[in-house]
Amino acid sequence: STAGYARWKMRLGSIILFVALCSLTAYYIYEPIPEEIEERWKLMLTNSFFRSLSHLADFSELLGLKDYMGVMYFITLAEKVVPVSDEHVKVTEEKLDGVEVVLYQPKQRGDDTELRRAVIYLHGGGWCLGSSRMSPYDLLARKMVTELDAVVLSVEYRLAPAHHFPVPYEDVYRVVKHFLQKGVLALYSVDPGRIAVSGDSAGGNLAAAVSQQLLKEPGQQVQLKAQALIYPVLQALDLYTPSYQQNRDMPILPRTLMVRFWSEYFTSDKALFRAMMANTHNNPESSSLLKFVNWSAFLPETYHRKYNYSAPAVAQGAEGEAFGVDGPSRSFADPRASPLLVPDAALHSLPKAYILTCEYDVLRDDGIMYVTRLRAAGVEVTHEHYETGFHGGLMFTVWPTDFLIARRMTDNYIKWLKKNL
C-alpha cells in the first residue's frame, strides 16, 4: 500500500541517516595512530575533543567572533580547580615580585625545622594556554610535596597573545630570582643547595631559558642544583626537523598547532604564522644561528629516519624584515625564547639535567639535540625517551583521560628528583 511504502521509505531514510552519522563519527574519531602506542583508542577519543575545539576555534576566528586561542582556552577553564590545603599539604596563593604563584608545602610536624628540597614548576600550554591551577598540575604538585618532602612553587605567568614574548619569560625569571634570595628560602625552610626548576612543553622552554640566564646574573649567590625538562620546546628556527615531519598530524600537538603557538608567542600578525608554516621565517640575523639546530649533526642517526637535512630558507630584504627590527624576527633568535641557540661556552656551567622526550612528538628532536649539546659541554644529563610516548602524556592523569604512560612518566620523573635533588 501507499502508506506502507511511505513507512518503509522513512525507515530506510532513518537507517541511512544513522549509518551516515556513525560513519562520520568513526571517520572523525579514528586516526592512523601508530600501533605501538598503548591505549590507542583512548588517545583517539581524547584527541577528537581537541580537534573539535580546534575546528570550532578556527571557525570562530574566521567569523570574527573570538580569536583562536580565546576559544582554545576552554581546555584550561575546563580543568581549573581551586587549590586547597589537605591533611598532608598546605596550599597558599601568593605573589612573588608581583607574579602570582601557587605554593605547596608539607604540613609542619611539631618542631620540624629540617630544610627541604624545592621545585619551581612551570606549566605547559604553548605560552598561550594552561594554568598552575589545572587539576593535573595540582595533582603533580601534591605528589611532589608528599613523595619528595619538598616545597613546590607553581608559577602563574601571564600568557600570550595578550602578553607576547618576553613577558611570560620575564614573569618566570622574576619569580625565580625572588625565590632564590636567602631570606625568602629561609622563610619557607628551603635548602639553598637543593632547588630545581622544571616544566613541561612551553614550561620546559621557560625552565631551560631561566637556567641559562641565571648563570649570567651578577652576584647571584644561590644557583639551581637541577633542571628537569619534560618534552621541552627549545627552538623556533627549524620547524621541519625529522620529528616535526614524522609527527606532523599526531595527537595531541600536530605541527600546525605548535607553529601557531610559536607565532602567537611573538606576534598577532598572521603573516608570521604563514611564514613559519612554510619554514621561511628566518632572516640573515637568525640564519647565523642555524648551526645550533643542524639536526644532521646533533641527532643520533637512528632519528634521521628517511629525512635528509636541508637548512631552512632565509628571507632577504623587505621580506626578511617584514616583522620589524625589534619584532618577532629578532625574538625567535633570542636564546630566552630558543634556549637551544646559546653557544657551547654558555652550556658548561649549567646544572645537571633531566630531559624527557617522546617518540611521537613534534618536539622530540628539540629535546634530543639539547641532550647531545649538553653532554658535549660536560653537563650531567639523564635522558629518558619513551618509545611509545606522545606529547602531553604526563598530564593525562585525571579520569576519563587517565593514561598508563602518564603514571610511568610521573613515577620516573619523581624518582629522578628524589635521587638528584
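These numbers were taken from a predicted model, which means no experiment stands behind them.

Trainee: Help me out: how do you make sense of the overall build of the protein chain in this one?
Mentor: Along its length, the protein chain carries 17 helices and 10 strands. Counting the 421 residues in the protein chain, one finds 55% classified as buried. Here the contacts in the protein chain between residues at least 6 apart in sequence split such that 75% fall between residues at least 24 apart. Looking at the protein chain as shown, the accessible area adds up to about 18,200 Å², and 57% of this sits on carbon and sulfur atoms.

Trainee: Explain the side chain of Ser 338 to me, please; I cannot follow it from the model alone.
Mentor: With respect to the element layout, Ser 338 can be found in the loop between α15 (328-331) and β7 (352-360). Given a relative accessible area of 0%, Ser 338 falls into the buried group. Apart from residues no more than four positions distant in its own chain, Ser 338 is found in contact with Leu 234, Gln 235, Ala 236, Trp 262 and Phe 332.

Trainee: Would you mind going over the confidence of the model for the protein chain with me for this structure?
Mentor: As a note on interpretation, predicted positions should not be read in detail where pLDDT is low. For the protein chain, the mean per-residue pLDDT works out to 89, and 88% of the residues sit at or above 70. Note on residues 16-24: pLDDT is under 50 here. Beyond four places in sequence and across chains, it has zero contacts.

Trainee: Help me understand helix α10 (residues 255-266) in this model?
Mentor: In an α-helix, one full turn covers 3.6 residues, which means residues spaced three or four apart are oriented alike. Its 12 residues place the ends of α10 17 Å apart at the C-alpha level, agreeing with the 16 Å of an ideal helix rising 1.5 Å per residue. The buried count for α10 comes to 11 of 12 residues, which makes it a mostly enclosed element. Regarding α10, the residues found buried are Arg 255, Leu 257, Met 258, Val 259, Arg 260, Phe 261, Trp 262, Ser 263, Glu 264, Tyr 265 and Phe 266.

Trainee: Explanation requested: empty space enclosed by the protein in the structure shown.
Mentor: The method is simple in principle: a probe with the dimensions of a water molecule rolls over the atoms, and the space it marks as empty is what remains. Using the criterion set out here, one finds one cavity of 30 Å³ or more in the structure. Considered as a void within the structure, the largest cavity measures approximately 40 Å³ in volume. If you list the elements that add at least two residues to the lining of the largest cavity, you get α10 and α11 (270-277). When the residues that make up the lining of the largest cavity are grouped by side-chain class, the tally is one nonpolar, three polar and four charged.

Trainee: Explain the packing of aromatic side chains to me, please; I cannot follow it from the model alone.
Mentor: The relation between two aromatic rings is expressed through the spacing of the ring centres and the mutual angle of the planes. Under the definition given, this model contains 19 aromatic pairs. Aromatic pair Phe 165 and Phe 266: ring centres 6.0 Å apart, planes at 85°, arrangement edge-to-face. You can see Phe 165 sitting in the loop between β4 (150-155) and α6 (167-179) and its partner Phe 266 sitting in helix α10, a full 101 residues away along the chain. Aromatic rings pair up to connect Trp 127, Phe 165, Trp 262, Tyr 265, Phe 266 and Phe 332 into one cluster. Of note, Arg 260 hangs over the ring of Tyr 68, and the distance from its end group to the ring centre comes to 3.8 Å. Here Arg 260 stacks its cationic end above the ring of Phe 273, 5.1 Å away from the centre of that ring.

Trainee: Explanation requested: unusual backbone geometry in the structure shown.
Mentor: What you tend to see is this: most non-glycine residues have negative phi, and most peptide bonds are trans. Geometrically, the link from Ala 160 to Pro 161 is a cis peptide bond, its omega value of 0° lying close to zero. Here Pro 161 is to be found in the loop between β4 and α6. The amide bond that connects Pro 251 to the next residue, Ile 252, takes the cis arrangement and shows omega of -10°. Note on placement: Ile 252 falls in the loop between α9 (242-246) and α10. With a phi close to 50°, Asp 149 is a non-glycine residue in the positive phi region. Along the chain, Asp 149 turns up in the loop between α5 (135-148) and β4.

Trainee: How do you make sense of the pattern of salt bridges when you look at a structure like this?
Mentor: Opposite charge on two side chains permits them to pair, given that their charged atoms come into close proximity. According to the stated counting rule, one finds 25 salt bridges in the structure shown. Measuring nitrogen to oxygen at the nearest pair gives 2.8 Å for the salt bridge that ties Arg 408 to Glu 38. With a gap of 370 residues between them, Arg 408 in helix α17 (residues 404-420) and Glu 38 in the loop between α1 (2-29) and α2 (40-62) connect regions that are remote in the sequence. A residue is classified by how much of its surface remains accessible, and Glu 38, at 24% relative accessible area, is partly exposed. Among the ionic pairs, Lys 270 bridges to Glu 61, the shortest N-O distance being 3.9 Å. In this pair, Lys 270 is assigned in helix α11 and Glu 61 in helix α2, connecting sequence segments 209 residues apart. Overall, Lys 270 belongs to the partly exposed group, its relative accessible area being 32%.

Trainee: Before we go on, may I ask you to explain the pairing of β7 in this structure?
Mentor: The side chains of a regular strand alternate, residue by residue, between the two faces of the sheet. In terms of burial, β7 is a largely internal element, eight of the nine residues being buried. Pairing between strand β6 (residues 226-230) and β7: five bridges, direction parallel. Residue pairing for β7: Ala 226 is matched across the bridge by Lys 352. The pairing of β7 with strand β8 (residues 381-390) spans seven bridges and is classified as parallel. From the neighbouring strand, Thr 357 faces β8, where its bridge partner is His 385. For the crossover that starts at β7, traverses helix α16 (residues 364-376) and ends in the parallel β8, the hand is right-handed.

Trainee: Can you walk me through the nonpolar core in this structure?
Mentor: Generally speaking, nonpolar side chains in soluble globular proteins are found buried as a group. With 137 residues, the main nonpolar core has Phe 179, Trp 262 and Tyr 413 as its most contacted residues. Apart from residues lying up to four places away in sequence, Trp 262 is in contact with Trp 127, Asn 205, Val 233, Gln 235, Ala 236, Leu 239, Tyr 244, Met 276, Ala 337 and Ser 338.

Conventions adopted
Residues numbered from 1 in each chain as written. Predicted model: local features only at pLDDT ≥ 70, side-chain atom pairs only at ≥ 80, totals over all residues. Heavy atoms only, no water. Helix = DSSP H or I, 4+ residues; strand = E, 2+ residues; numbered from the N terminus. Buried < 20%, exposed > 50% of the residue type's maximum accessible area, 1.4 Å probe, protein only. Contact = heavy atoms within 4.5 Å. Areas by Shrake-Rupley, 256 points an atom, 1.4 Å probe, with all protein chains shown as cover. pLDDT = per-residue confidence, 0-100. Expected span 1.5 Å × (residues − 1). 1 Å grid on protein atoms, 1.4 Å probe; cavity = no way out; pocket = protein on both sides within 12 Å on 5 of 7 lines; lining within 4 Å. Points joined across faces, edges and corners; volume = space filled by probe spheres on them. Nonpolar A, V, L, I, M, F, W, Y, C, P; charged D, E, K, R; others polar. Phe/Tyr/Trp six-rings, centres within 6.5 Å; stacked < 30°, edge-to-face > 60°. Lys NZ or Arg CZ within 6 Å of the ring centre and 35° of its normal. Salt bridge = Lys/Arg side-chain N within 4 Å of Asp/Glu carboxyl O. Pairing = 2+ DSSP bridges. Right-handed = clockwise from strand over helix to strand, strands pointing away. Core = buried A, V, L, I, M, F, W, Y, C linked by side-chain atoms within 4.5 Å.

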